[in-house]
Amino acid sequence: MLDHLSFETPKPKTIAGAKYDWELVIGMEVHAQVASNAKLFSGASTTFGAEPNSNVAFVDAAMPGMLPVINEFCVAQAVRTGLGMKAAINLKSAFDRKNYFYPDLPQGYQISQLYHPIVGEGEVIVDMGPGVARKVRIERIHLEQDAGKSIHDMDPNMSFVDLNRTGVALMEIVSRPDIRGPEEAAAYVAKMRQLLRYLGTCDGNMQNGNLRADVNVSVCRPGQYEKYQESQDFSHLGTRCEIKNMNSMRFIQQAIDYEARRQIAILEDGGAVDQETRLYDADKGETRSMRSKEEAHDYRYFPCPDLLPLEIEQGWVDDIEATLPELPDAKKARFVNDFGLSEYDAGVLTAEVENADYFEKVAEGNDGKLAANWVINELFGRLKKDDDKDITDSPVSPEQLGGIIALIAKGDISGKIAKDLFEIVYTEGGDPAQIVEARGMKQVTDTGAIEAAVDQVIADNPAQVEKAKQNPKLAGWFVGQVMKATGGKANPKAVNQIVAAKLGI
Amino acid sequence: MSIDIDTARRVAHLARIAVDEKDLPALAGELSNILTFMEQLNEVDVEGVAPMTSVTPMRLKRREDKVTDGDYQEQILSNAPDAREGFFAVPKVVE
């Protein structure tokens, strides 16, 4: 079965330094909040935007004696995500404590999975344009607790802490350093978001911080990366810096670009890049060192004594696999192969699963390309004008749009009338076929009626007729008059033929 | 492996435990003794023996994905030295 389109690998981004050319090497850690009702180890709610410290159980607040009990659905979500990335599922995984102090981490440690993650190696195809894509290897996915939120701008001397997010399940999705430029990095996050949303394992809301990324950036001279690929030996690559907590595709690109240039300048000056954690300051457009984090880097991991190893059964994994939806790559390939769409159009329609579902309903019983054109150009365009409405709030249902397209295909209405009809259905609703019938919008294909209209126009404009006989291009004027007289309902092809015949040109 | 005074000071700091400078040598000695004991354990050949995580065979207990807890802001904040407008208020921490 052909479930992927064939693709070529994009060229790595090259940055010209003062002395040499440099290539970028990027690896990402994507933190995706698991879509679940309750937290990973407590029965508190995960709802965003609740009263501060109301979605907090005593477990989350780390009250003495409270013990974590794992939410099985969160485990299922991680497995589902792994399967969606064609990854190995580890039937036995375990939880560790990552120890550090911060006011929004009441336990003084985060329960994570360092040594035995639940998901092993997988891969993701990152589309970079028609026929061009990067295959990015996934190293692992592990489950861990999110931390709370500190707010620094409510008081000049105090920070305010909200523990509502404390203990919500996160998936940390770790890639190999297979990403080769800022655009690829943004496209990788976009693909990750699309996959997670198709799978229903994370809502992908970057604004709320439900999807955020740590970006590891290093630079190397051309040729070095290939040596790394052959040997998997990191010594061929440059020293990396980690840019923490990015939640915007635009900032990810800007930060990588800045960071790469910073490293190149250091190296060309004969210096060495320090491996460190950095923050991106979007206002200044630069990354800066988080020196205070350096000492805290000694996380003193050890197995969490409160939790037995997590053992799951292959049958349970198989059951989850059986419920996987059709994923973006397969859907896109099917749209290209079955509906004859261009890869670009298929990509637009599959970007969000809601769009793809809508399109498929429109295309049912209709020409796929025509359906794609109408969904992408007319519907998306109209929704955008209408306060950037979501497709799920579209006033035109897929059945209605399908009805309009069927009327065009049958020859009942012209493409131009179809646009008017679309606007009527959009603003007033109703069944397209009935509207066409009731408002007399049907295309006139009855040659008798068209001939009568042509005769009338010719009889009314003898001077024009003479001119047209000298200059046949003027036939267009007659066609226009006939269309006007028939309220745009005459079949344009028939009008053209009859005008030409009657004028004898 | 033995723990010197600097390491003992660092471990105490990482754990946010205030230790008097004069107590550090004794503490370093105690930690070294513990590590020496661990080294002794490490001499046992456990090749091919799976680590034991529980005395009786037990499966990790699971919960359903249901909201069964929370919604008691007042109790959560009741031990806090300072709380304002539903938040814990702590000395300013900014990166």
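Overview of the structure. All of these numbers come straight from a predicted model, not from anything done at the bench.

About the criteria used
Residues numbered from 1 in each chain as written. Chains lettered and ligands numbered in written order. Predicted model: local features only at pLDDT ≥ 70, side-chain atom pairs only at ≥ 80, totals over all residues. Heavy atoms only, no water. Contact = heavy atoms within 4.5 Å. Buried area = accessible area lost by both parts, 1.4 Å probe. Salt bridge = Lys/Arg side-chain N within 4 Å of Asp/Glu carboxyl O. Helix = DSSP H or I, 4+ residues; strand = E, 2+ residues; numbered from the N terminus. Pairing = 2+ DSSP bridges. Expected span 1.5 Å × (residues − 1). Buried < 20%, exposed > 50% of the residue type's maximum accessible area, 1.4 Å probe, protein only. Polar contact = N/O pair within 3.5 Å; in protein donor to acceptor, adjacent residues only side chain to side chain.

Quick look at the interface of chain B and chain A now. Counting residues at the interface gives 40 residues for chain B and 52 residues for chain A. When the two sides are added together, the surface that chain B and chain A hide from each other amounts to roughly 4,200 Å², 58% of it contributed by carbon and sulfur. On inspection of chain B and its partner chain A, the count reaches 4 salt bridges. With a shortest N-O distance of 3.1 Å, Asp155(A) and Arg84(B) are connected by a salt bridge. For the side of chain B that touches chain A, the secondary structure elements donating two or more residues are helix 1 (5-14), strand 1 (62-63), helix 3 (73-77) and strand 3 (87-91) of chain B. Among the elements that take part in the side of chain B that touches chain A, strand 3 of chain B stands out by supplying 5 residues, more than any other. Across 2 bridges, the pairing between strand 3 (residues 70-71) of chain A and strand 1 of chain B is parallel. Of the residues in strand 1 of chain B, the one forming a bridge with Ile70(A) is Arg62(B).

Below, the discussion takes up helix 4 (residues 249-268) of chain A. Residue and element names in this part refer to chain A. Taking 1.5 Å of rise per residue, the 20 residues of helix 4 would be expected to cover 28 Å, and the 29 Å separating its terminal C-alpha atoms lies within 8% of that figure. Here helix 4 has its buried residues at Ile-252, Ala-255, Ile-256, Glu-259, Ala-260, Arg-262, Gln-263, Ile-264 and Glu-268. Of the residues flanking the start of helix 4, the one acting as N-cap is Ser-248, its side-chain oxygen 3.2 Å from the backbone nitrogen of Arg-250. Following helix 4 by one or two positions, Gly-270 has its phi on the positive side, about 85°.

In this section: the sheet that holds strand 9 (residues 149-151) of chain A. Strand order in the open sheet formed by 4 strands is 9(A)-10(A)-3(B)-2(B), with antiparallel pairing between adjacent strands. Either end of the sheet is taken by a strand with one partner, and the two such strands are strand 9 of chain A together with strand 2 (83-84) of chain B. Two elements, strand 10 (residues 158-162) of chain A and strand 3 of chain B, share 4 bridges in a ladder whose sense is antiparallel. Bridging across to strand 3 of chain B, Phe160(A) finds its partner in Ala89(B).

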